[in-house]
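Letter by letter, the chains look like this.
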Amino acid sequence: MQAHPMPEFGSFALLLALTLSVYTLLAGAYSLWRPSVAAGPDTAGRLGETARRAGMSSFLAMSCAALALVWAAFTNDYSVSYILHHTNKALPGAYKFAALWSGQEGSLLLWALLLSAYGFVLRARHRVDVRLSAYASTILAGVQVFFLLLLNFAAPPFAIQPGPRALDGFGLNPLLQYPEMVMHPPMLYLGYVGFSVPFAFALGALMMRYPGEKWIHITRRWTMVTWLFLTVGIFLGAHWAYSVLGWGGYWGWDPVENASLMPWLTGTAFLHSVMMQEKRGMMKSWNVWLIFSTFMLTILGTLLTRSGIVSSVHAFAQSSIGDWFYGFLIIVFGICLFTFFKQRDHLKSENKLGSLVSRESSFLFNNLVLLAACFTVLWGTLFPVLSEYVTGSKVTVGAPFYNRVNIPVGLFLLFLTGIGPLLAWRSTSIRSIRKNFVLPSIAFFTMLIALLVFVDRPWNDGDDMQSMIFSLMTFSLAAGVITAISAEFLRGANVLRTQTGKSLAASIVLLIRRNTRRYGGYIVHFGIVVMFIGIAGGAFNQQKEQEMGYGDTLTIGGYRLVCQSFTQDSNANFDTEYALLDVYKGGKKITQLTPEKRFYHASETYATMVADRTTLQNDLYVIYEGKNPDTEKPIIKVFINPLIVWIWIGVAIVVFGTFVALVPNLTKAAMTSAPARIEREVPEAEVHHA
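This write-up is about the structure you can find in this document. Throughout this description, residue numbers start from 1 for each chain and increase along the sequence as written. The predicted nature of this model means local features are confined to residues of pLDDT at least 70 and side-chain atom pairs, given and counted, to a pLDDT of 80 or more, with totals for whole chains, interfaces and linings taken over all residues. To obtain the side-chain values, all non-hydrogen atoms of the structure were included, while hydrogens and water were left out.

### Regarding the pairing of strand 7 (residues 605-609)
Item 1. At least two bridges found by DSSP between two strands are what make those strands a pair. Elements are defined by DSSP. Helices are runs of H or I of four residues or more, strands are runs of E of two residues or more, and each kind is numbered from the N terminus. As paired elements, strand 6 (residues 596-600) and strand 7 share five bridges and run antiparallel to each other. Bridging from a neighbouring strand, Arg-598 pairs with Ala-607 of strand 7.
Item 2. Linking two consecutive strands that pair antiparallel, namely strand 6 and strand 7, is a turn of four residues; a positive phi of about 55 degrees is found at Glu-604 within it.

Encoded structure:
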């Protein structure tokens, strides 16, 4: 029998990781169940301590397994079936590395690796609260055991390909051979997997009837970092779809796109409503179920992405592992439900909603609309599967279904983004409303009137009238929200400037450093508004398609494209056809674009490479669709996508704002230049975003 040292090493590492995780689960659970028996001389207990160390060691075993698979990819070890089906010799090194998460087995390995890494950090920081950490560690080990059972028995990444070793592999899916795909899946999985940690803490806190809200404070950073990873992952995926799929858009309500959006929606709701629990002792049961639901939606998202039960351009795997996931979801739901009903008296609210015009009500409405959006997406995603199961026929749920519900929901969320921070806890007075809402209202109506009077309407048919109305509302609401956020910064900074004599810019910096969570949240909200502006620009898209031979011209939206040539090229990985198009604006040549169509040798499939010129006003987006077989001329499709770059700028602002919110506040000792009474004079509008 032929020896396969690295695959065998990888398989052994996975088996070792499973053994360590099972021990962490069983020993940890026993030490929590019978602490008097398991306890040793220290407070953690001997058995519990060995479970903690075993859990940390499983990270090392998982790292060895991942390295073994990467090693197999870089050494072209086609004895490993996974490597044979997802790489080839001519594949660039970055994509050989990305092959680790391009298929089902590899992506499950990445899931388990990241989970073990999160677990390692959690167990290393166990002294924050030893007993609660022990609960969370044991629950996390249970999740780890599930994924390692999959990797060892249902989807082994080191399975040996039968027969003689192949000389070359079948290659990586061409859609995945794009720079974003090196970063998008790991970011998305860091978000997916990361929600396991707040889930473990929430379930553990409920099991042990943990007093107070300390578990929320412990997991706040975990949740924010995880939410940040998921946000970045989703938008990297949107940018990949925009750049690679060649249909001129970035979001198509594809089932796998939806799978990543659902936990983001519930996670966002949790980040908001958890402040109700911290500040007012309210919504405890609600928060527990939000984080339970978020975790289960991440598992559902992994199932949809990797099992092939839904038709998707993103579903790069087909398999029979669905039953494992169904079973795991049922078990998790059962444990959550049992624990909730057993301990529900521990989750009684300490206060009630006092007024509909209050900070509490804005959080409540925020949660309701986010969950309405999540339910809409969930129903639209699963309805084709349910329909096929019940009737035997396939149905498709298209973008109009999602847009009909989610565009109004998005506008309402934008509205809440503006008014929420201006409302007071418990109840907001008429005087406060008059004081805080005048300027945003003026900005809203001024923008609306200006748009109705001055904006061109280049849409194509009557169906776009609805898009126009939604876009005008978005721009107007954005003006109001930006005014409200700016007023909050200026009001606080002016108080500091008066008291300290600092410049306005220095006062704003000091203001942010004094309460990073509050003002970081405002920056995040500002980024969300900027993203909405970019999305609203979609109502003014234009497109055109025509054949373009030598010297032919295409004119669209102020641009003139002239075909200078079209030709072919080849390398070891793919053949390519492309056109050279000179782009003119105002009679002046501004750039040359080269849209391509590639044929990948190993996988024998085609892929489009979009050529794009981006400005703050619009994107000139050009697709080479191939040659007309009758005329042998290239067919060129061109889009003008207004304001789209503001979506990516908005994401960058959201990332920055989240980092600000994660920074600790300036300590009192450092506040030497501003007396404590100043802090009391800064307008009170407590944190709206965690």
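### A short note on the packing of aromatic side chains
Item 1. Working definition: rings of Phe, Tyr and Trp (its six-membered ring) pair if their centres are within 6.5 Å, and the pair is stacked with planes under 30 degrees apart, edge-to-face with planes over 60 apart, and tilted otherwise. Taken as a whole and judged by the stated rule, the model has 33 aromatic pairs.
Item 2. Ring centres 6.4 Å apart and planes at 50 degrees place the aromatic pair Tyr-242 and Trp-648 in the tilted group. In this pair, Tyr-242 sits in helix 10 (residues 214-244) while Trp-648 sits in helix 20 (residues 645-662), placing the two residues 406 residues apart along the sequence. Just as Tyr-242 is buried, Trp-648 falls in that class too.
Item 3. One aromatic cluster is present, formed by Phe-199, Trp-289, Phe-292, Phe-295, Phe-333, Phe-340 and Phe-341 through successive ring pairs.
Item 4. Over a ring means this: the NZ of a Lys or the CZ of an Arg is within 6 Å of the ring centre and within 35 degrees of the ring normal. When the ring centre of Tyr-584 is taken as origin, the NZ or CZ atom of Arg-560, which lies over that ring, is 4.6 Å away. Each residue's exposure class comes from its accessible area (1.4 Å probe, protein chains only) as a fraction of the maximum for that residue type: buried when under 20%, exposed when over 50%, partly exposed otherwise.

### Regarding the sheet that holds strand 8 (residues 611-614)
Item 1. Read from one edge of the open sheet, four strands run 1-10-9-8, paired in antiparallel fashion. If you trace the sheet from one side to the other, it starts and ends with strand 1 (542-547) and strand 8, each paired once. When strand polarity is set aside, the average angle formed by the axes of neighbouring strands in this sheet is 15 degrees.
Item 2. As paired strands, strand 1 and strand 10 (residues 634-642) are joined by six bridges and run antiparallel to one another. Each bridged residue has a counterpart across the sheet, and for Glu-547 the counterpart in strand 10 is Ile-635. Every angle, taken between N-to-C directions, lies between 0 and 180 degrees, and every axis is a line fitted to C-alpha atoms, over only the stretch in contact when it is a helix.

### Remarks on unusual backbone geometry
Item 1. Phi at Met-283 is positive, roughly 60 degrees, even though this residue is not glycine.
Item 2. By secondary structure assignment, the location of Met-283 is in the loop between helix 11 (255-280) and helix 12 (284-307).
Item 3. Phi is positive for Glu-632, close to 60 degrees, though the residue is something other than glycine.
Item 4. Within the secondary structure, Glu-632 is located in the loop between strand 9 (618-627) and strand 10.

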